[in-house]
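Chain by chain, the residues:
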Amino acid sequence: MIKYTIGEVAFHLREPHDLEWLTSLGRVCRAFDQQDSGNIAFGVEKEGRRLFVQYAGARTMDYAGDPRDAVSRLEEAIPLYSVLEHPRLIRLIDHFRTAGGGYAAVFEWFEGECLHSHWSFAGAAKYSHPDSPFYRYRQLSLERRLRSLDAVFSFHVHVESQGYVAVDFYDGSILYDFANQETKICDIDFYRKAPSVNDMGESFWGAARSKAPEEFELGAPIDARTNVFTMGAIAFGLLGGETDRSFSKWEAGRPLYEVALRAVSLDRDSRFDSVRTFKACWDEARSRSRIP
């Protein structure tokens, strides 16, 4: 383990790596070194403007793979941020190779907090610590959470309309700005052209609590119905009992519960045929529920 300090920020890597290029972007004010994707991220500030920098190429503490694979994945993901550009998606500003063989993607800073902040609130603390973003989110009014979910669903209707499927989307891909009540999506690096297939078996990208059955099965289709399941699973995570999908854990009334429950059907054919159809039924159920 190698400890680095850039400015006033300390972080760790598995082995030495040249990160001096960071200083050309501004003063480093944050470091996120506990990602299992092979990336390390930084917050930088210059002349009052803040940026979020995602970097691949270093051997990070929570990634046992080859850094070159992480570099390839990040570089290949760059076009997605243009193709899927949307008001609810974080905005890519720049991207470039570094002298050390790494790759950096520079995003506009968003004052949101990640709902799965495992680096600060791991395990039970995520659900119970008063400072945990997920815990605080769950204390928001039902109206605010429904508006936040609408941002998530609207973005994925857009993803679908562009001919893509979401891969590795879970609550860790959701940023929420508590001060301004705004939701944005980050980390779409594994999204794919539709239709796709599960080419990894049980280890297919994603959090188990949000993955559809086909995301555990080698060769299974990954398509719109898969994304419908994911949207339903996210709804249960933010409005219900997460993997306990009983009505007793649900906070948003019977009409919305029935829509979410159909979305997470283990039988693919029983789910809605698209995210667009799912959202239309969700919106109709919300209007019947008389929720603002």
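Everything numeric here is computed off the predicted structure, so don't read it as measured data. (Residues numbered from 1 in each chain as written. Predicted model: local features only at pLDDT ≥ 70, side-chain atom pairs only at ≥ 80, totals over all residues. Heavy atoms only, no water.)

With that settled, consider the packing of aromatic side chains. Both the distance between ring centres and the angle between the ring planes are used here to describe each pair of aromatic rings. Per the counting criterion, the structure on display carries 21 aromatic pairs. Measuring from centroid to centroid gives 5.3 Å for Phe-153 and Trp-282, while their planes differ by 85 degrees, and the two rings are edge-to-face. Of this pair, Phe-153 sits in helix 5 (residues 142–161) while Trp-282 is found in helix 8 (residues 275–288), placing the two residues 129 residues apart along the sequence. Like Trp-282, Phe-153 is buried. One aromatic cluster in this structure is built from Phe-153, Phe-236, Phe-247, Trp-250, Tyr-257, Phe-272, Phe-278 and Trp-282. One residue, Lys-211, lies across the ring of Phe-216, its end atom 4.3 Å from the ring centre. When the ring centre of Phe-247 is taken as origin, the NZ or CZ atom of Arg-254, which lies over that ring, is 3.9 Å away. (Phe/Tyr/Trp six-rings, centres within 6.5 Å; stacked < 30°, edge-to-face > 60°. Helix = DSSP H or I, 4+ residues; strand = E, 2+ residues; numbered from the N terminus. Buried < 20%, exposed > 50% of the residue type's maximum accessible area, 1.4 Å probe, protein only. Lys NZ or Arg CZ within 6 Å of the ring centre and 35° of its normal.)

So, about the layout of surface pockets. Here the largest pocket is characterised by a volume of approximately 1,000 Å³. Lining the largest pocket are 44 residues, and of these Gln-35, Cys-114, Trp-119, Gly-172 and Cys-186 sit closest to its centre. Breaking the lining of the largest pocket down by element, the ones donating at least two residues are strand 3 (27–32), strand 4 (39–46), strand 5 (49–56), strand 7 (103–108) and strand 8 (113–114). The residue inventory of the lining of the largest pocket, partitioned by class, reads 20 nonpolar, 13 polar and 11 charged. (1 Å grid on protein atoms, 1.4 Å probe; cavity = no way out; pocket = protein on both sides within 12 Å on 5 of 7 lines; lining within 4 Å. Points joined across faces, edges and corners; volume = space filled by probe spheres on them. Nonpolar A, V, L, I, M, F, W, Y, C, P; charged D, E, K, R; others polar.)

For any two helices packed against each other, one specifies the inter-axial angle together with the distance between the axes. The interhelical angle for the contact between helix 6 (residues 224–239) and helix 7 (residues 254–263), taken along N-to-C directions, is 135 degrees, at an axis separation of 7 Å. Put simply, helix 6 runs oblique to helix 7. Classified by chirality, the crossing of helix 7 by helix 6 is left-handed. Seen from helix 6, the contacting residues are Val-228, Phe-229, Gly-232, Ala-235 and Phe-236; seen from helix 7, they are Tyr-257, Ala-260, Leu-261 and Ala-263. Grouping the amino acids of the contact of helix 6 with helix 7 by side-chain chemistry returns eight nonpolar, one polar and no charged. (Axes fitted to C-alpha atoms, helices over the stretch in contact; angles between N-to-C directions. Parallel < 35°, antiparallel > 145°, perpendicular 65-115°, else oblique. Left-handed = near helix turned anticlockwise from the far one by under 90°. Contact = heavy atoms within 4.5 Å.)

Let's shift gears to unusual backbone geometry. Here the residue pair Ala-194 and Pro-195 is connected by a cis peptide bond, since its omega of -10 degrees sits within 30 degrees of zero. At Asp-168, a residue that is not glycine, the phi angle is positive and equals roughly 65 degrees. For Asp-168, the location among the structural elements is in the loop between strand 9 (164–165) and strand 10 (174–177). Of the residues examined, Asp-168 reaches a relative accessible area of 13% and is grouped as buried. A positive phi is found at Asp-187, a non-glycine position, where the angle reads about 60 degrees. Residue placement: Asp-187 occurs in the loop between strand 11 (182–185) and strand 12 (192–193). Under the relative-accessibility criterion, Asp-187 is labelled partly exposed at 28%.

Here we take up the nonpolar core. In summary, soluble globular proteins display a tendency toward joint burial of nonpolar side chains. Judged by nonpolar contacts, the single largest core of 64 residues is most densely connected at Phe-169, Ile-188, Tyr-191, Trp-250, Phe-278 and Trp-282. It is helix 6 that contributes the most residues to this core, nine residues altogether. Ile-6, Leu-13, Tyr-55 and Ala-104 belong to the second largest nonpolar core, which has 19 residues in total. (Core = buried A, V, L, I, M, F, W, Y, C linked by side-chain atoms within 4.5 Å.)

On to the pattern of salt bridges. Using the criterion set out here, one finds 21 salt bridges in the structure. Linking Arg-68 and Asp-66 is a salt bridge whose minimum nitrogen-to-oxygen distance equals 2.8 Å. Taken together, the shared-partner salt bridges connect Lys-126, Asp-171, Arg-209 and Glu-242 into one network. (Salt bridge = Lys/Arg side-chain N within 4 Å of Asp/Glu carboxyl O.)

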